[in-house]
Amino acid sequence: MLLKFLFPLVWLVAAGLAAAQSNPEKKPLPPLNRERARLIDVKHIALDLRFDWPRKQAFGSAAVTFAPLFPADRIALDAALMQIDSISLKGKALKFDYDGGDRDDNLRISLDRVYRAGETLSITIEYRTNRVNELDPNTLGFGGNTGKGLRFSGPTSNDPNKPREIWSAGEPGSNRYWFPSFDSPNDPRTTELTATVDGKLTVISNGRLIETKDNGDGTRRFHYKTDAPYPNHLTSLVVGEQVNVRLNYGGVVLNNFGYSKEREWVAATVERLPEMMRFFSEKTGVEYPFAGYSQVFVQDIGTFSANQTVSAITENMVDDAGTHADFFYLWDLTEGEALARQWFGNYVFCADWSDVWLDKSFARFFNGLFHEHRNGRDEWLMYVHSFDQSASLADWNGGYRHPIVTKNYEDAFAFANDNYATARGSVVLNLLRHEIGEENWWKVVRHYVRANGGKSVTTRNFQDSVKAVTGDAMDWFFDQWVYKMGHPVFEVSKKYENGKLSVFVIQTQTPDKTDEYPQAEFFQGRIGIEIDGRIETVRLKPQTENVFTFDLSPPKFVNFDYESVWLKEVRFDKSAAELLAQLQNSRDILARGEALNELVERARSDRMTAAEKTNLKAVLRRIIAGDSYWRFRSRAMGRLAALIGSEPFDEATIETLVSVIKRDKSWPRAAAIGVLGATGDPRFAELYLGFLNDPSDRVIAAAAVALGKTKDPRAFDALARLADRPSMKNQSLLSALAGLKALGDPRGYDIALRALTDLNLPRWRLPSIPPGWDYRNSAVDLIVSLGRGETVFPLIFERFKRSMAENDLEGSFNNIILITMLGDPRGREAFAMIKAGYRDDANATAAISTFETQFREKVK
């Protein structure tokens, strides 16, 4: 386009492009982060804490026991944004210098004399915290975030039932915001924590609960102590209105802390925890390595924070028995990954952030193994493995690129929490398992865990275990997948002649010349090729072209990279007949999914004859009515609907969907109702009315919307009754509001207004539910659809102003979301207020910009 419109400058532009291509400017590498040098060996930290809730502060005393590694009369610790009141040694005041910032070694302490290397001493630091770990409003739709320091929360005018709570999430560089320490992973130490809180509150921290003492003044004192040394970022604190649902595994007490009114729901939610602990113990060859384990359900955290012997997990995981039965596939992955981190990240822990994948990828991979064990291979492939691959490729194609292991990164917190440390690493571990074989893989895992238990590790230690088992450190594998970045891009083709099938595999990837990170040029390793259901394993050489030849009859289909083990991009052109054969006969559910998508897209873009489309519809109906995995059948329903498009459903399709609705349960039933309901066909109103009483809220939600679309005269009364039905997290109300929106009956306004107005609805929903699950958002959505949004603006604006006056970030942003949904021009005042109030908060400013852009689009 530039050359087209700037013709006079063609030759200058062309010359510049040629120069750039011949000598592209490289992006400089991020800063080099070497493993942090240690001048002291911290042996023990004892914390004594009290809290000022209105100011969101902790008042602490930290007794730090350490020994210099070299003769020293001065030491330095990390203390971020604190007020340091005093530092003493055996009751004698010490001089110190503190800049109040958050960098390493910013608390410099003068000792009373020169101490020898190895000589142990203990200093006591009296301090108070100043950082307020606010919720990142960019994460509201995802349940929250971790942040740095202590997160305080409690009742507000916007959420009067919100429980009082404090929690920490260690992560890189975060714990220095609530206690002075050497805040790096390469100096494990033991801890002791005492905390005094209101008598109604409970404190949960690392290690064993030594004592709970009633102080006689309305407060209680909790005392915890650990036995095994562990890294600083794994120290954890939770304070809240909690009750404990205890389980047991082999004598290990499993504590599950939830809100007092939700004891029964917590019990339903955690029932698989002992099974998970048994599974991980058996697979690693090491029984759970600590005396006990606690998981605490907290608000405003994105997913979980796994620390030594205790994990803080999102409260959104807590459901009643019926709801949790629908969501085991999701919440198993949260609970399981947090537990797996007890082995990978706590028992064996990375020595430096550059090797953090050893903590997080292993935990994610083992979590996936349990998911497969409990929910099946197809579920793991479709829900876990494919997500990890997609996330990894999305980062790459979005321009976010680096090796899994590198010392060049901008920010340790971001580096340790990105997809390279988790999703891509998990895919690479699966690749290694495939490469060395099942028997060797498990020997490697058990050698690695047993050899390194209680120690800090690097990737080289893992390679040592690989070599100990296989005799080969497999430098080539770690080089291409771990220490370098990139993935193969394959062009695959085939030819059959003279009784032989030849498969041609060309690697077309080219290194990014603008990036200084090391990159793999060619990839090698074992790869599976499925030919008519038979799996052939071949070895790909690190070269441009590989050719594989097989003696066999003419194949109906060829599936390259069986079960998509490799992280890759691939182009493999196939005929419609080959894709149909793959869809119906492949043993690989991912390959079947690829064929399904490609066939439907060809049909929708008129690259099929009418007869071929008719045949494809029949094939999809057979899949939907068959015994394939439910997630695949649900996908086939959606693709069949897309294939039919705006045409009326034929009777065969209707019969298939109705049979699924009557035969199946939960998700596939909900999917079938959703597809059939999209037609708005009033013949099925009676069917939908019946399923408003289904045991699964997923089915109820689908039936409510489907009923609304029929415009049946009975729909309003049925949905009004549903709105008043008690349910976990107000799911019945949410379903009713969605159904009323589909119905479009003006009487729905009163139901929506009641939901929006009453902040004290029964606490069936959990606090801080993401906006998509919040009945207030659904209520506004319905009101706007009825064309009456302007009537509720004053109510929402007043709530917004109260939240701003209370400095309630969450309430302010929850209401700014509602104001954005309304699209009322009067909302400009709210945006002016929130921009002024949070102008110094980078996260808030970014969120405001996003919502304001959406708001402006609505008020055009």
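Residues numbered from 1 in each chain as written. Predicted model: local features only at pLDDT ≥ 70, side-chain atom pairs only at ≥ 80, totals over all residues. Heavy atoms only, no water.

## Things to note about the overall build of the protein
And then number 1: Summing up its helical and strand segments, the protein has 28 helices and 29 strands in all.
And then number 2: Dimensions of the protein along its principal axes, counting C-alpha atoms only, are 90 × 75 × 70 Å.
And then number 3: Sorting the 860 residues of the protein into buried and exposed places 58% on the buried side.
And then number 4: Counting every atom, the protein has about 34800 Å² of accessible surface; 51% of that belongs to carbon and sulfur.
And then number 5: Averaging the positions of the 108 positive and the 113 negative side-chain charges in the protein gives two centres separated by 0 Å. (Helix = DSSP H or I, 4+ residues; strand = E, 2+ residues; numbered from the N terminus. Buried < 20%, exposed > 50% of the residue type's maximum accessible area, 1.4 Å probe, protein only. Areas by Shrake-Rupley, 256 points an atom, 1.4 Å probe, with all protein chains shown as cover. Lys, Arg positive; Asp, Glu negative; His and termini not counted. Charge placed at Lys NZ, Arg CZ, Asp CG, Glu CD.)

## As for the side chain of Ser205
And then number 1: Take Ser205: it is sitting in strand S12 (residues 202–205).
And then number 2: Judged by relative accessible area, which is 4%, Ser205 ranks as buried.
And then number 3: Looking at Ser205, its side chain comes within polar contact range of the main-chain oxygen of Ser236, at 2.7 Å.
And then number 4: Excluding residues within four positions of it along the chain, Ser205 makes contact with Leu193, Tyr224, Ser236 and Val310. (Polar contact = N/O pair within 3.5 Å; in protein donor to acceptor, adjacent residues only side chain to side chain. Contact = heavy atoms within 4.5 Å.)

## Re the nonpolar core
And then number 1: Core analysis: the largest hydrophobic core is formed by 101 residues, its most contacted members being Leu583, Leu616, Phe813 and Ile819.
And then number 2: If near-sequence neighbours (up to four positions away) are discounted, Leu583 is found in contact with Arg592, Ala595, Leu596, Leu599, Leu616, Val619, Leu620, Ile623 and Phe632.
And then number 3: Core analysis: the second largest hydrophobic core is formed by 84 residues, Val266, Val445, Phe478 and Phe572 among them. (Core = buried A, V, L, I, M, F, W, Y, C linked by side-chain atoms within 4.5 Å.)

## Here's the deal with helix H9 (residues 420–436)
And then number 1: Between its first and last C-alpha, H9 extends 22 Å over 17 residues, near the 24 Å set by a 1.5 Å rise per residue.
And then number 2: When the local axis directions of H9 are compared, the greatest deviation, roughly 25°, occurs at Ser426.
And then number 3: Most of H9 is tucked away, with 16 of its 17 residues classed as buried.
And then number 4: Once H9 ends, the next one or two residues include Gly437, with phi positive near 95°. (Expected span 1.5 Å × (residues − 1). Bend = angle between axes of the 7 residues up to and from the residue.)

## A look at the packing of aromatic side chains
And then number 1: Per the stated rule, a full pass over the model turns up 36 aromatic pairs.
And then number 2: Relative to Tyr293, the ring of Tyr288 has its centre 6.1 Å away and its plane inclined at 70°; by these criteria the two rings are edge-to-face.
And then number 3: Residue classification places Tyr293 among the buried positions, given a relative accessible area of 0%.
And then number 4: For the ring pair Trp476 and Phe477, a centre distance of 5.8 Å and an interplane angle of 80° mean the geometry is edge-to-face. (Phe/Tyr/Trp six-rings, centres within 6.5 Å; stacked < 30°, edge-to-face > 60°.)

## So, the side chain of His487
And then number 1: Within the secondary structure layout, His487 lies in the loop between helix H12 (475–483) and strand S23 (489–497).
And then number 2: At a separation of 2.7 Å, a polar atom in the side chain of His487 contacts the side chain of Glu569.
And then number 3: Once you skip the residues sitting within four places of it in the chain, His487 turns out to touch Leu393, Trp396, Gln509, Phe523, Leu567, Lys568 and Glu569.

## Brief notes about the sheet that holds strand S26 (residues 534–540)
And then number 1: Strand order across the open sheet formed by 3 strands is S26-S25-S28, with antiparallel pairing between neighbours. One side of each edge strand has no neighbouring strand; the edge strands of this open sheet are S26 and strand S28 (558–560). When the angles between neighbouring strand axes are averaged without regard to direction, this sheet yields 25°.
And then number 2: As paired elements, strand S25 (residues 525–531) and S28 share 3 bridges and run antiparallel to each other. Opposite Ile529, over in S28, you have Phe560 as the bridge partner.
And then number 3: Each of S25 and S26 touches H9; the most contacted strand, S25, lies at about 80° to it. (Pairing = 2+ DSSP bridges. Axes fitted to C-alpha atoms, helices over the stretch in contact; angles between N-to-C directions.)

## Quick look at the sheet that holds strand S29 (residues 569–572)
And then number 1: An order of S27-S24-S23-S29 is seen for the 4 strands of this open sheet, with the pairing classed as mixed. A single partner strand is all that each edge strand has here, and the edge strands are strand S27 (545–551) and S29. For this sheet the average axis-to-axis angle between neighbouring strands, irrespective of direction, equals 20°.

## Some words on the pairing of S26
And then number 1: Relative to S26, S25 is paired through 7 bridges, and the arrangement is antiparallel. Across the sheet, the residue bridging to Arg526 is Arg539, located in S26.

## Points about a nonpolar patch on the surface
And then number 1: Taken together, the side chains of Leu39, Leu69 and Phe70 present a nonpolar region at the surface, about 300 Å² in accessible area.
And then number 2: Looking at where Leu39 falls in the secondary structure, it is placed in the loop between helix H2 (10–22) and strand S1 (40–52). (Patch = residues over 30% accessible without salt bridge, like charges linked within 9 Å, V, L, I, M, F, W, Y side chains within 5 Å. Salt bridge = Lys/Arg side-chain N within 4 Å of Asp/Glu carboxyl O.)

## Examining unusual backbone geometry
And then number 1: A positive phi angle, near 55°, is found at Lys90, a position not held by glycine.
And then number 2: Within the secondary structure, Lys90 sits in the loop between strand S4 (82–89) and strand S5 (92–93).
And then number 3: Residue Lys90 is classed as exposed on the basis of its relative accessible area, which comes to 83%.
And then number 4: A positive phi angle, close to 55°, is found at Asn730, a residue other than glycine.
And then number 5: Relative to the elements of secondary structure, Asn730 occurs in the loop between helix H21 (715–723) and helix H22 (731–743).
And then number 6: A residue is classified by how much of its surface remains accessible, and Asn730, at 7% relative accessible area, is buried.

## Some details on empty space enclosed by the protein
And then number 1: In this structure the tally under the stated criterion is 6 cavities of 30 Å³ or more.
And then number 2: Estimates place the volume of the largest cavity at around 70 Å³.
And then number 3: Around the largest cavity, the lining residues are Glu171, His233, Leu234, Ser305, Ala306, Asn307, Arg341, Trp353, Val356, Asp359 and Lys360.
And then number 4: If you list the elements that add at least two residues to the lining of the largest cavity, you get strand S19 (304–307) and helix H6 (357–375).
And then number 5: A total of 3 residues in the lining of the largest cavity trace back to one element, the largest contributor, which is S19.
And then number 6: Counted by class, the lining of the largest cavity contains 4 nonpolar, 3 polar and 4 charged residues. (1 Å grid on protein atoms, 1.4 Å probe; cavity = no way out; pocket = protein on both sides within 12 Å on 5 of 7 lines; lining within 4 Å. Points joined across faces, edges and corners; volume = space filled by probe spheres on them. Nonpolar A, V, L, I, M, F, W, Y, C, P; charged D, E, K, R; others polar.)

## Focus: the confidence of the model for the protein
And then number 1: Averaged over all residues, the pLDDT of the protein is 92; the fraction at 70 or higher stands at 95%.
And then number 2: Of the regions scoring below 50 in pLDDT, residues 1–22 engages in 3 contacts with residues more than four places distant in sequence or in other chains.
And then number 3: The low-confidence segment residues 762–772 (pLDDT under 50) makes 48 contacts with residues lying over four places distant or belonging to another chain. (pLDDT = per-residue confidence, 0-100.)

## Side note on the packing of helix H14 (residues 589–604) against helix H16 (residues 630–644)
And then number 1: Interhelical geometry of H14 versus H16 gives an angle of 5° and a closest axis separation of 10 Å. One way to sum up the angle between H14 and H16 is to call them roughly parallel. Facing Ile589, Arg592, Gly593, Leu596, Asn597, Val600, Glu601, Ala603 and Arg604 of H14, the residues of H16 in contact are Phe632, Arg635, Ala636, Arg639, Ala642 and Leu643.
And then number 2: By residue class, the composition of the contact of H14 with H16 is 8 nonpolar, 2 polar and 5 charged. (Parallel < 35°, antiparallel > 145°, perpendicular 65-115°, else oblique.)

## A short note on the pattern of salt bridges
And then number 1: By the definition in use, this model includes 65 salt bridges.
And then number 2: For Arg176, the salt bridge goes to Asp78, with nearest N and O atoms at 3.7 Å. Of this pair, Arg176 sits in the loop between strand S10 (165–168) and strand S11 (190–198) while Asp78 sits in the loop between strand S3 (72–77) and S4, and the two are 98 residues apart along the sequence.
And then number 3: Judged by relative accessible area, Asp78 falls into the buried class, the value being 0%.
And then number 4: Arg128 is the partner of Asp85 in a salt bridge, and the nearest nitrogen-oxygen pair spans 3.6 Å. Residue Asp85 is found in strand S4, and its partner Arg128 is found in strand S8 (residues 121–129); the two are separated by 43 residues along the sequence.
And then number 5: Salt bridges sharing partners connect three or more residues here, namely Arg36, Asp78, Asp104, Asp105, Arg176 and Asp183.

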